Each structure stands twice: as C-alpha cells, then as structure tokens.
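Here's the letter readout for the chains.
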Amino acid sequence: MKSGSQLEKVLTGGHFAVTGECGPPRNANPDIVRQKAAHLRGMVDSVNVTDNQTAVVRMSSLAGCLILMQEGLEPNLQMVVRDRNRIAIQSDILGAYALGVRNMLCLSGDHQKFGDHPSSKNVFDLDSMQLIQTVKKMRDDGKFINDQEIEFPPKMFIGAAANPFADPAEFRAVRLGKKVAAGVDFVQTQCIYNLDRFEKFMQQVRDMGIDEKVYILGGVTPMKSVGMANYMKNLVPGMDVPEEVINRMKGVGKKDQAKEGIAIAVETIQRLKEMKGIAGVHVMAIEWEERVPEIVEMAGLLPRPQV
Amino acid sequence: MRLQYPTNIRVIMVPCTGRVDVIHLLNAIEEGADGIYVAGCLEGDCHYISGNLKARKRVGQVKKILTELGLEPERVEMYNLSAAQGPRFAEIAREMTEKIKNLGPSPIGQKAKAA
Amino acid sequence: MVVAERKPLNELLEMVQPYKKILVAGCKGCVTVCNAGGKKEVEILASELRIARKKEGQEPDVKEITLERQCDPEYMDQLTEVIKDRDAVLSIACSVGPQYIAGRFDDKVVFPGLNTTFIGGSLEHGVFAEFCQACGACGIHNFGGLCPIARCSKSLLNGPCGGSSKGKCEISKEVDCVWQLIYDRLNRLGQMDRLTRVIPCKDWTTSRDGGPRKTIREDLKL
C-alpha cells in the first residue's frame, strides 16, 4: 500500500470505485460541509474537496477535508498550483498528512480571470505535472523538491485530472501518459457527456497501455436543467456537451428536467462500468449532493465495499 | 469657372494628404486656427494608394485629442473630392466655414491673440 | 523591443498641473519603434500640453528633447543644459528612462508619460504582442522555439491545460494557445518526443523572483 487510503484499497482490491465531490462554502460555516457529508456518507468511497474552484474564494480544501473526516468520510484533498508556490504546496502536504488526509488530487486550477478576484497575482510556480512529481518524491523518496530529506514523509495516494475533450485532441492521451510517468496513481476525468468521443480517447489510452498503469475514474455530473446544460456547453472551457444531450433535456417538461439529467448520468455510469480500462466513476453533483444517493443506487453501485 | 468661396480659408498645398500628420493639425490649433479640414482625393483614387486613407485616420486621431482637451472635435474634418470637382470644393469651403462660425472662435485662438 | 503605450492625456495633465516649466523627453530606442515615445510623439504631446495650457489662459512653457537613449548614463548628459530651468520632466521612454533622469537629476521632478507593457514585437503596423518575460534562462528550444512562460496564461511548461480549445486559450478567444502552436510546430519538426518528457520544476532565481537583476560583463568594464 502506498498510502493505505480507503480509495486505494477499493481500487487495488479490484472494486469499481465511486468518488464524490464536495465544494466548501464561501463562508466559515462548518455545518454546510457537514450537511453535504450527510448526503454522501456510505454512498462513495472518497470525497474530493475542491480548492477554491473556478478561482472563487471558499473555505480551504484542507479545512473541508478535516470536517469530512470528523463526519466519518474519507476526503480527497484537491490542490491547485495557482495560489501557492512550492513552499506553501509542500507545507500544505505535510499538514494535510499530519491531520489524516491520505488522498490528493493535483491540479493546475482555473485561471483567476474566471474567479471573484481577477486582479490577483497567479503563482503557477509549479504546474500540475510537477505537483504530481513533488507529492511522489515526498512519498517515495522522502525528499522535498530541493532534495532535502523528510524525516517523517507524507504518504499520499496521488490523483490527477484528465480532460479528454480539450485540444489538441490527439495529445490528450499522451499527456495523461505523462502524468502517469510523473507518478500519478489515479485519474478523474472531466465530466463526460460525449461518450463516443470518450470511447475514442479510451481506445488511444488502451493502445498506449496507460490504463494498466493508472486507475481511471470517469467524471459524471448530473445536469439540473437545460439552462445548466447550455451553460456547460457554451461557457465552461474544455467541455463537450453534444446537441443530442441538450435536445434530450429540452424534450421533457421543465419539472422533469432534473429527473432526465439524473437518468442521463445513470446511463453514463452504466456505460462507463462496461468500458475496458475504467476503474470507477467520479460523481460531481455540483451543489446537488442530496441527489447522489439515488444516482449511485440507480446505477447499481451500492452497497460500497468494506475493505 | 471662377467659383466664389469664403476668403477666410488659407489653403496649404501638399503633394498628397498622406503627408499631413497629426502634429501639423495640432500646430494649427495651437496657433489659433478655428477650424481645419483636409481635402484629399476620392477614396480609392489615391495616386500613392492609401495617402488619403491615412489622412482620414490622422484626422480621427486629432478629433480624439481635441475631445480629450475639451475642444469641439468638429473643428477638424476630412473631405474627399477630385480635382475635377470645383463646385464641390467651393461647397465644402462654405459648409466648413458655416460650421465653424456656428461653433464660434477657438478658445485657443482667443487666448493666443490676447497673449 | 520594450513595448509601451502612452498614458491618457488627462492623467498626464493632472500630473504636471502644478508645474509651469515642462520638459517632454523622448527616446530614440524601443519606444520610437513602437510609436509611443519617439521624436514624433514628443512633438504631439508637447503640442497637446501647450493647447491645454492656452485653453486655461496660461502662457505655455514646454520644451522638447529626444535622447539617443534614456537607458545609458552617457546620453543623460544631453539633458544637462535643457533641464536646468525646468520644473518637471515628462519622460516618454519606457520606465527605465524616468528612473535614469530621477537618478541623475536630484532636484528635478520626473513623471512617466508611458505605461511600459511588455517585451515583444509587432505583428503588423500598429499591433504589438508579448513574446518574452525575461525569466533569465531561455529554454525555448525545448518548445519548438516558442515561449510558454510569456505566451501561456498559466506559464505551463507541460501544457496544454484542459482549457485549450480550437487553438485558443481559455482566458480569451483573442489569445492563441501557445501550447497548440508548440504542439503543431514540434509535430512538423518531428520532435514530438520532446512533449512526452516531463519538464521539471523551473528554477526562477534568474527571473524577477530572485530579486532585481544585474549583468556584469568584466570584459567590457573600464
């Protein structure tokens, strides 16, 4: 075992993993995290806690992780390189491990232009690839970036993101291979709506043998409405929402759109379960955590394995 | 044709309006001119291909500067006409003179005379 | 070259408002090339100041000079005479110029007439773009000759990120994704292997992050 996390045990045990997501509030109220935790308890193996997602100031990911642990859930610490230099990054990794965090997701982070503080300086001292290397070096070599020894090294299960729908399309699998070479253990993909395009990506991934070196969890985000679908299609960078998905949402009455969105998510999960090289799903129900139980239930993912 | 046009216009001849720069127009304003217009060839008929188009851009730039300075941008204009359009030349001269008279004298000219 | 752009006239008028005798100082270097602070722009700015002052009923006293360069101590000598009776200097060199004037002439007030924007080049007449961030350790040969530090919004060395779409950057459709350009170029050069290697953490000590920088050429020092 690299970290001994629940997620690692589920994946190495050959089970189809399910991870969830929890966005901390834009305030200091811990009860909001607790409420979200209540919806996810027993439904997923591990919960990602976002790190100032879309560059909007929120309660820190690490604090959110700690609250989840108090609630009996296993967190997955998301960390972006936008806001921290290598000193803060390594310091936060030490702190997270000391508090009991065992999973990390290494990300670049959205540019602050999208957030609520567009005038801030961005750091990007490291990129996501180098962050993966850093966490691995700390874990496996017991060393900081500067090669100094760490007496009591943090041992994290290392995750990364992959966006099969960004350009240049044919480089996406290659770049994922690079993340594997850098030392990533598991990967969570961007929300999948275009399954045919995702299949092509996975074919390339399999041809390169990448799926044998890393656990790939397909990203699934249920859509609440046609409005959300259009927003995802038009305004979220690197998102591919095909016209037929929009039309399917449009095809039902306004009050049934949420139900339809959930049905699409469940069908997506079912197709991902059958796909070679897919080790699990990452269910990102954005500000909609209360619907996660029915999604995983309908997708036949319950009960979660006890490992 | 011996056409009549207002006598208060001072004509400065240049080989091509492409030679007229921002600074020339500004200097005229600075020296107290109440209005200035650049009369270039018809668009598409420039012997040097784009001299009159460049002049139009520079006139636009000076209009912007005049606005920033709190002066009326209408004090500077660009016109296009051909050498064969004598009546049009006289018409533009009257039109511009009329417009400037309505605006009144340039405050810069007043100060320049007083100083 | 260093690319700069003129500050708005009203900002400059406000800066020099308390001073009667003004010197507008241009530079024949980079800012002449990018049409921001050469002889021509000195003439225009000086004329603008004079018109503004006449409009206020003042007798303008604005002198003009354009130095060979404002970033060399020897050319500062050209200012010695003309600056003597001046109350303030408005330099339209890049921000190096007004700093040189401030360093040389202790008793003179200096104002920057330009915003220094970036190190770049012209794409066409009147259009300039950023190409270099002066990190102090050039490695563009690793990227097909294109700089991801200056030209990627995130300065990623292992791009493109998930925001690359149809050759454009996620921050704006007006911004090219340099990583798409790098990818295309390495493809043409048959150097795709360069993209499969993880580029390690960069040493930023040669960049501004390492503190203000200085280059000493012992072979040239007198």
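In this text the structure is predicted, and so the values were computed from the model without any measurement.

Turning our eyes to something else, we now look at the overall build of chain A. For chain A, the count of helices and strands is eleven helices and eight strands. Judged by the C-alpha coordinates and their principal axes, chain A covers about 60 × 45 × 45 Å. Counting only residues that meet the buried cut, chain A has 59% of its 307 residues in that class. Pairs at least 24 residues apart make up 80% of the contacts formed inside chain A by residues separated by at least 6 positions. Of the accessible surface of chain A, which amounts to about 12,300 Å², a share of 51% is contributed by carbon and sulfur atoms.

Right, let's get into the confidence of the model for chain B. Taken over all residues, the pLDDT of chain B has a mean of 92, while the share at 70 or more is 94%. Scored as a whole, the predicted complex attains pTM 0.85, and scored at its interfaces, ipTM 0.88.

All names here are of chain A. Under the 1.5 Å per step criterion, the end-to-end length of helix α4 (residues 86–98) is 18 Å for 13 residues, consistent within 8% with the ideal 18 Å. Inspection of α4 places Arg86, Ile89, Gln90, Ile93, Ala96 and Tyr97 among the buried residues, and these make up the whole buried set. For α4, the angular spread of the buried residues around the axis is 125 degrees, confining them to a single face. Every exposed residue of α4 that faces more than 90 degrees away from the buried side is listed here: Ile87 and Ala98. Phi for glycine 100, located one or two positions after α4, is positive at around 110 degrees.

On the surface, Tyr5, Val11 and Met13 of chain B cluster together into a nonpolar patch covering about 340 Å² of accessible area. Of note, tyrosine 5 of chain B is situated in the segment before α1 (22–30).

Here we take up the interface of chain A and chain C. Listed as interface residues are 29 residues of chain A and, on the opposing side, 27 residues of chain C. Across the chain A/chain C interface, buried area totals approximately 2,400 Å², and carbon plus sulfur atoms make up 54% of it. A per-residue breakdown of the area chain A buries against chain C is headed by Asp167, Phe171 and Lys178 of chain A, which together make up 23% of the total. Summed over the shared surface of chain A and chain C, the result is zero salt bridges. Across the contact surface, chain A and chain C share 20 residue pairs in polar contact (both at pLDDT 80 or more). Ranked by residues supplied to the side of chain A that touches chain C, first place goes to helix α6 (residues 172–182) of chain A with five residues. Partitioning the side of chain A that touches chain C into residue classes produces eleven nonpolar, eight polar and ten charged.

Quoted interface sizes are often the accessible area lost when the parts come together. Facing 15 residues of chain C, the contacting portion of chain B comprises 16 residues. Carbon and sulfur atoms supply 64% of the area that chain C and chain B bury against each other, a total of about 1,500 Å² over both sides. Sorting the residues of chain C by area buried against chain B places Ile51, Lys54 and Lys55 of chain C first, and these three jointly supply 43% of that buried surface. At the surface where chain C touches chain B, the tally comes to five residue pairs in polar contact (both at pLDDT 80 or more). For the side of chain C that touches chain B, the elements supplying multiple residues, two or more each, are α1 (9–16) and α3 (39–55) of chain C. A per-element tally of the side of chain C that touches chain B places α3 of chain C first, with ten residues.

Criteria and cut-off values
- Residues numbered from 1 in each chain as written.
- Chains lettered and ligands numbered in written order.
- Predicted model: local features only at pLDDT ≥ 70, side-chain atom pairs only at ≥ 80, totals over all residues.
- Heavy atoms only, no water.
- Helix = DSSP H or I, 4+ residues; strand = E, 2+ residues; numbered from the N terminus.
- Buried < 20%, exposed > 50% of the residue type's maximum accessible area, 1.4 Å probe, protein only.
- Contact = heavy atoms within 4.5 Å.
- Areas by Shrake-Rupley, 256 points an atom, 1.4 Å probe, with all protein chains shown as cover.
- pLDDT = per-residue confidence, 0-100.
- Expected span 1.5 Å × (residues − 1).
- Arc of directions from axis to C-beta.
- Patch = residues over 30% accessible without salt bridge, like charges linked within 9 Å, V, L, I, M, F, W, Y side chains within 5 Å.
- Salt bridge = Lys/Arg side-chain N within 4 Å of Asp/Glu carboxyl O.
- Buried area = accessible area lost by both parts, 1.4 Å probe.
- Polar contact = N/O pair within 3.5 Å; in protein donor to acceptor, adjacent residues only side chain to side chain.
- Nonpolar A, V, L, I, M, F, W, Y, C, P; charged D, E, K, R; others polar.

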